[in-house]
Amino acid sequence: MGKKSRNERETPVKETFEPLPLESKAPATVVLLLNSPEEDILIKACEAIQTFAEKGDENKVSLLGLGALAPLCQLITHNNKLVRRNAFMALGIMATNGDVRTALKKLDAIPSIIEKLSLEDDTVVHEFATLCLASLSEDFLCKAQIFDNKGLPTLIQLLSSSDPDVKKNSLETISNLDYKSRLVVHELGGIPPLLQLLNSEFPVIQHLALKTLQHVTTDRDANKTFRDKQGFEKLMGILNNVNFSDLHAEALHVLANCLSDSESVQLIHKSGGLTKLMEFVLTPSVPEIRSGVIKCITRVAQSSESCKVLHEQDVETVLVELLSLENTGVITSACQAVAALSFHVNSKERFRELGCISVLVQLLSRESLALREAATQALSNLTHNSASDAFEVYEEGGDKLLVQQLYQSCPKIVANSAATLCNMAEHEIIRCSILSHGAIQALLEPLKSTVTQVLVNTAHCLAVLASDEEARAELVRVGGLQLLVDLLRSHSKEVLHSACLAVNVCASDEPTAVEMCKFGALEILQEINQSKTRRNSFSELAVNSLLNSNLSFKYSLTSSLASTDIITGGFYDAGKARPGQRMLTLEELSKQPVNQRRAIIFVNKATVLPEETVDVPEETQNKPSESDGRVRGERKTPKATVDVLEETQSKPSESESRIKGDRKTPKKKKEEEQKDYGHMKKKEEKQKDNVQPESPVEKPGGMMEDVSLQILIKIAKEYIFPLNDEKEQCEALARLVSEAMGGSVEMEKMHGFSWILHLSELKIQLQSNVIPIGFIKKGIYYHRALLFKSLADCIGLSCTLVRGDYNRAWNEVLLFSRNSSNKLHSSQPCRYIVDLMHQPGNLFPVNSPAAVQYQTI
């Protein structure tokens, strides 16, 4: 017989046995004969069932209904070799039907089939047993059962069988197994026989061998074995043979897998494989082959050395031309190759010269999700660390299209788009354009994603966009801060780092920082920083940023403010925070009912002070006199200052006059101090009708205007700020603070200083736990230290604020010591504690006995 052509040899041809003449009997009768004790009858019955089953699926289902399957499964283990062979033949034919496969799975026949397959030397048994396994391997549970019952080693051995049908069925079974099973193939020595099967005269076997290699070579170790066994030479032989054009697509898939490591790339490069790949790209062919070639180029581009070779062959020009084709699959593959090559600087520049970005931006409007995913990935890589490419995307209108991609359902499109926008938003002009297209609103949905890369890229993008003040305001307005704070609870290290970075940027202004604190950002970050596994530099940076933009929380948590922490309007002292306690905003505190806890001291610098409130002589404003303009030694505050203070305290502001106007002072103040808080509250409630508080809708009690504080600020600016020496400024400011809060008090008489009663009265009459600091006329250490820090920050006098125990607080200043001729005595400044309570204006060197006494006793 002459040699047949390749197309005429699609499937192996197998001789069939002539069935014994039992066709005249009904199928039901034949099935009954399967239970016969006589071996001759069993042999003939199995033959008859095989013949009947071969005629179509209806006959197979009919036999299944007649109960032929169970006895056949028993007969494959029969002692008679011929019975076993015929039973396997009948079972193999029937197993090609779906209903029969389902029933066969329930009978748990796989262990018996594999056992007989490994013991038998009969080629016919091998053929039909592997046919059974090939059919069953399409089922998920059967895949695992074949692997668990040691079926894979036997199947690999049968790849070297002399029978083509056995090879085909074994290949099909191995190819159908799951990923875990296929990875073991190379460990069991399966790669050499698979490569040998590439030389088969049957195309179906060659296709199955390539399909199996495509699965197996996804493993790095399998790649090495493939390379060592001259697998590349085999593949290149197929690719160079025009008669094997039907195998080229699958061969390219295998080649793409093997090009994932540098050694394989070098090997194919030395053998001229890269040149051959370029020829494939340039030669018009079916889309599947072109896609396969481009996929190989993408894998090769992972190596910087290979990128240089591809660049020398001007692969960029070819890829840009492919982007203009009609076939979506080829364009998608080309985009992926562009993305891979974009990490190479020379290729990135070449793509820019060829106008690649313009084409990629146009692809963002295509319907294919896979294409847009690849296009956004290419744009992300091209714009990374490239201002030129970022501006080109912007000029092509890509920023608007990328913002629209954020609404897509495909996670990779969203992640790539966010990354690209992040790269572009580093430039202010582009950032403004991105924001004008509604980027902040578009980022809200991605912030709810469960995909790690989407969350990471979205948070990064938000961090860059939030450097714009209007973007932060919009983020607050649309409710994005809550979503961002929620990301801090993520157990993903990458997501947590990105979220911390975004929080750090958003916390650059006080309103946004306060808003994030409302959602518990500070507490979450504190918990993170206490964890050994979750703590990181980003979380620490985020906490510092939140506290630096919210000095009220910082002082409450850390009990200290540095000289660089400038108190502005809205600061309040709520006392030292307890561990695990949620920090409350001023608005939340002002809404609480009056209680017996420590009063919250509010520094309200927002009051507009009328010009006529303080009458300051013109000559004093411009040039301080020797007697009043400077304060030395034990001299008191300038007379004009004292007069203003006295006038301020004797003529209260409108807000304070309503408190003091009709209030009756007790005759015995000391006795009143001894009365408990509840009794005093009842007493004040009786006078409630005489007090007309401001409308709580307009301003809560303690958040009213603080005219007294504004007067003190004006005095400090106009009388103390002009002083030339910081030491004199410090002493004068200390005396001003002391006089504003009840004057100096000797240590021995502190118990008679009725500051507690005074603050309690203010709380009751303001009907608020929040008290403006200017309303306090009897203050002790922590009141005076806060007022000193507030006034010092207004005139640029550098000082700290430190909270101690037992209502203590103090200020540290850094001063240069001078000699009697007012010259610097030392080049190194010294730290001093400022006395505001007992001898106002005295400066104690830090750690001196006097300083320690002031801080503790």
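As for the overall build of the protein
Reasoning step 1: Counting its secondary structure elements, the protein contains 50 helices and nine strands.
Reasoning step 2: Counting over 857 residues, the protein shows a buried share of 54%.
Reasoning step 3: Summed over its atoms, the accessible surface of the protein is roughly 39,800 Å², and 50% of this surface lies on carbon and sulfur atoms.

Focus on the sheet that holds strand 2 (residues 571-573)
Reasoning step 1: Strand order in this open sheet of three strands is 2-3-4, and the pairing throughout is mixed. At either margin of the open sheet sits one strand with a lone partner, and together these are strand 2 and strand 4 (770-772). Averaged over all adjacent pairs, the angle separating strand axes in this sheet is 30°, with direction ignored.
Reasoning step 2: Bridge count for strand 2 against strand 3 (residues 600-603) is three bridges, and the pairing is antiparallel. Bridge assignment links Phe 571 to a residue of strand 3, and that residue is Val 603.

Section: the environment of Cys 506
Reasoning step 1: Within the secondary structure, Cys 506 sits in helix 35 (residues 493-506).
Reasoning step 2: Residues Cys 506 and Ala 466, spaced 40 residues apart in sequence, show a C-alpha to C-alpha distance of 5.9 Å.
Reasoning step 3: Residues contacting Cys 506, with those up to four places away along its chain left out, are Ala 466, Arg 472, Leu 475, Leu 481, Leu 484, Thr 512, Ala 513 and Met 516.

Considering helix 48 (residues 755-766)
Reasoning step 1: Along its 12 residues, helix 48 runs 16 Å from first to last C-alpha, staying within 8% of the 16 Å computed at 1.5 Å per residue.
Reasoning step 2: Most of helix 48 is tucked away, with 11 of its 12 residues classed as buried.
Reasoning step 3: Here helix 48 has its buried residues at Trp 755, Leu 757, His 758, Leu 759, Ser 760, Glu 761, Leu 762, Lys 763, Ile 764, Gln 765 and Leu 766.
Reasoning step 4: Trailing helix 48 by a residue or two, Gln 767 shows a phi angle of about 55°, which is positive.

Things to note about the sheet that holds strand 9 (residues 843-845)
Reasoning step 1: Read from one edge of the open sheet, three strands run 7-8-9, paired in antiparallel fashion. At either margin of the open sheet sits one strand with a lone partner, and together these are strand 7 (812-815) and strand 9. Across the sheet, the mean angle separating the axes of adjacent strands is 45° when strand polarity is ignored.
Reasoning step 2: One ladder, built from three bridges, connects strand 8 (residues 830-834) with strand 9; its direction is antiparallel. Bridge pairing in strand 9 links Ile 833 to Phe 844.

Overview of the packing of helix 22 (residues 315-322) against helix 23 (residues 328-341)
Reasoning step 1: Between helix 22 and helix 23, whose axes approach to 9 Å, the crossing angle comes to 145°. In this structure, the crossing between helix 22 and helix 23 has a hand that is left-handed. Contact with helix 22, carried on its side by Val 315, Leu 319 and Leu 322, involves Val 330, Ile 331, Ala 334, Ala 337, Val 338 and Leu 341 of helix 23 and no other residues of that element.

Remarks on the nonpolar core
Reasoning step 1: If you look at the biggest cluster of nonpolar residues, it comprises 198 residues, and the most contacted ones within it are Leu 255, Leu 319, Leu 360, Leu 488 and Leu 546.
Reasoning step 2: Of all the elements, helix 23 adds the most residues to this core, at nine residues.
Reasoning step 3: If sequence neighbours within four positions are ignored, Leu 255 has contacts with Phe 232, Leu 235, Leu 239, Ile 268, Leu 277 and Cys 296.
Reasoning step 4: The next biggest cluster of nonpolar side chains, apart from the first, holds 66 residues, and it includes Ala 734, Leu 736, Leu 766 and Leu 787.

Regarding the packing of aromatic side chains
Reasoning step 1: Under the criterion given, the structure shown has six aromatic pairs.
Reasoning step 2: Look at Phe 226 and Phe 232: their rings are 5.9 Å apart centre to centre, the planes differ by 80°, and that puts the pair in the edge-to-face class. Phe 232 carries the same exposure label as Phe 226, and that label is buried.
Reasoning step 3: Ring pairing ties together the aromatic residues Tyr 781, Phe 844 and Tyr 854, which thus form one cluster.
Reasoning step 4: Between the NZ or CZ atom of Arg 803 and the centre of the ring of Tyr 555, over which it lies, the distance is 4.1 Å.

Points about helix 26 (residues 369-383)
Reasoning step 1: When the terminal C-alpha atoms of helix 26 are compared, their 21 Å separation across 15 residues agrees well with the 21 Å that a helix rising 1.5 Å per residue should span.
Reasoning step 2: Buried residues dominate helix 26, accounting for 11 of its 15 residues.
Reasoning step 3: Within helix 26, the full set of buried residues consists of Leu 371, Arg 372, Ala 374, Ala 375, Thr 376, Ala 378, Leu 379, Ser 380, Asn 381, Leu 382 and Thr 383.
Reasoning step 4: Two to three positions downstream of the cap, the backbone nitrogen of Ala 370 sits 3.5 Å from a side-chain oxygen, assigning the N-cap of helix 26 to Ser 368.
Reasoning step 5: Note on helix 26: the residue one or two positions beyond its end, Asn 385, has a positive phi of about 55°.

Some remarks on the pairing of strand 3
Reasoning step 1: Burial along strand 3 is two-sided: the residues Ile 600 and Phe 602 and Ile 601 and Val 603 are all buried.
Reasoning step 2: With three bridges connecting them, strand 3 and strand 4 associate as parallel partners. Following the sheet pairing, Phe 602 is matched in strand 4 by Pro 772.

What about the packing of helix 2 (residues 39-54) against helix 3 (residues 57-65)?
Reasoning step 1: Here helix 2 crosses helix 3 at 135°, and the two axes come no closer than 6 Å. One finds that helix 2 runs oblique with respect to helix 3. Within the contact between the two elements, helix 2 uses Ile 49, Phe 52 and Ala 53 and helix 3 uses Asn 59, Lys 60 and Leu 63.
Reasoning step 2: By residue class, the composition of the contact of helix 2 with helix 3 is four nonpolar, one polar and one charged.

Overview of the confidence of the model for the protein
Reasoning step 1: Summary statistics for the protein give a mean pLDDT of 83 and a share of 84% for residues scoring 70 or more.
Reasoning step 2: For residues 1-9, every residue scores under 50 in pLDDT, and the model assigns this stretch 11 contacts once sequence neighbours within four places are set aside.
Reasoning step 3: This stretch, residues 13-24, has a pLDDT under 50; its non-local contacts, to residues over four places away or in other chains, come to 19 contacts.

Here's the deal with the pairing of strand 8
Reasoning step 1: Here four bridges tie strand 7 to strand 8, and the two strands are oriented antiparallel to one another. Of the residues in strand 8, the one forming a bridge with Val 813 is Tyr 832.

Quick notes on the pattern of salt bridges
Reasoning step 1: Taken as a whole, this structure holds 22 salt bridges when the rule is applied.
Reasoning step 2: Across the pair Lys 224 and Asp 228 runs a salt bridge, and its minimum N-O distance is 3.2 Å. Here Lys 224 and its partner Asp 228 are both found in helix 15 (residues 220-228), four residues apart, which amounts to about one turn of the helix.
Reasoning step 3: Judged by relative accessible area, which is 46%, Lys 224 ranks as partly exposed.
Reasoning step 4: In this structure, Arg 831 and Glu 812 form a salt bridge, with 3.1 Å as the shortest nitrogen-oxygen distance. Here Arg 831 is found in strand 8, whereas its partner Glu 812 is found in strand 7, with 19 residues between them in sequence.
Reasoning step 5: Given the relative accessible area of 15%, Glu 812 is considered buried.
Reasoning step 6: Taken together, the salt bridges that share partners define one network made up of Asp 314, Arg 350 and Glu 353.

Observations regarding the environment of Leu 322
Reasoning step 1: Position of Leu 322 relative to the elements: it lies in helix 22.
Reasoning step 2: Leu 322 sits 28 residues away from Ile 294 along the chain, and the two C-alpha atoms are 9.9 Å apart.
Reasoning step 3: Setting aside residues up to four positions removed in sequence, Leu 322 forms contacts with Val 281, Arg 290, Ile 294, Val 330, Ile 331 and Ala 334.

Criteria and thresholds
Residues numbered from 1 in each chain as written. Predicted model: local features only at pLDDT ≥ 70, side-chain atom pairs only at ≥ 80, totals over all residues. Heavy atoms only, no water. Helix = DSSP H or I, 4+ residues; strand = E, 2+ residues; numbered from the N terminus. Buried < 20%, exposed > 50% of the residue type's maximum accessible area, 1.4 Å probe, protein only. Areas by Shrake-Rupley, 256 points an atom, 1.4 Å probe, with all protein chains shown as cover. Pairing = 2+ DSSP bridges. Axes fitted to C-alpha atoms, helices over the stretch in contact; angles between N-to-C directions. Contact = heavy atoms within 4.5 Å. Expected span 1.5 Å × (residues − 1). Left-handed = near helix turned anticlockwise from the far one by under 90°. Core = buried A, V, L, I, M, F, W, Y, C linked by side-chain atoms within 4.5 Å. Phe/Tyr/Trp six-rings, centres within 6.5 Å; stacked < 30°, edge-to-face > 60°. Lys NZ or Arg CZ within 6 Å of the ring centre and 35° of its normal. Polar contact = N/O pair within 3.5 Å; in protein donor to acceptor, adjacent residues only side chain to side chain. Parallel < 35°, antiparallel > 145°, perpendicular 65-115°, else oblique. Nonpolar A, V, L, I, M, F, W, Y, C, P; charged D, E, K, R; others polar. pLDDT = per-residue confidence, 0-100. Salt bridge = Lys/Arg side-chain N within 4 Å of Asp/Glu carboxyl O.

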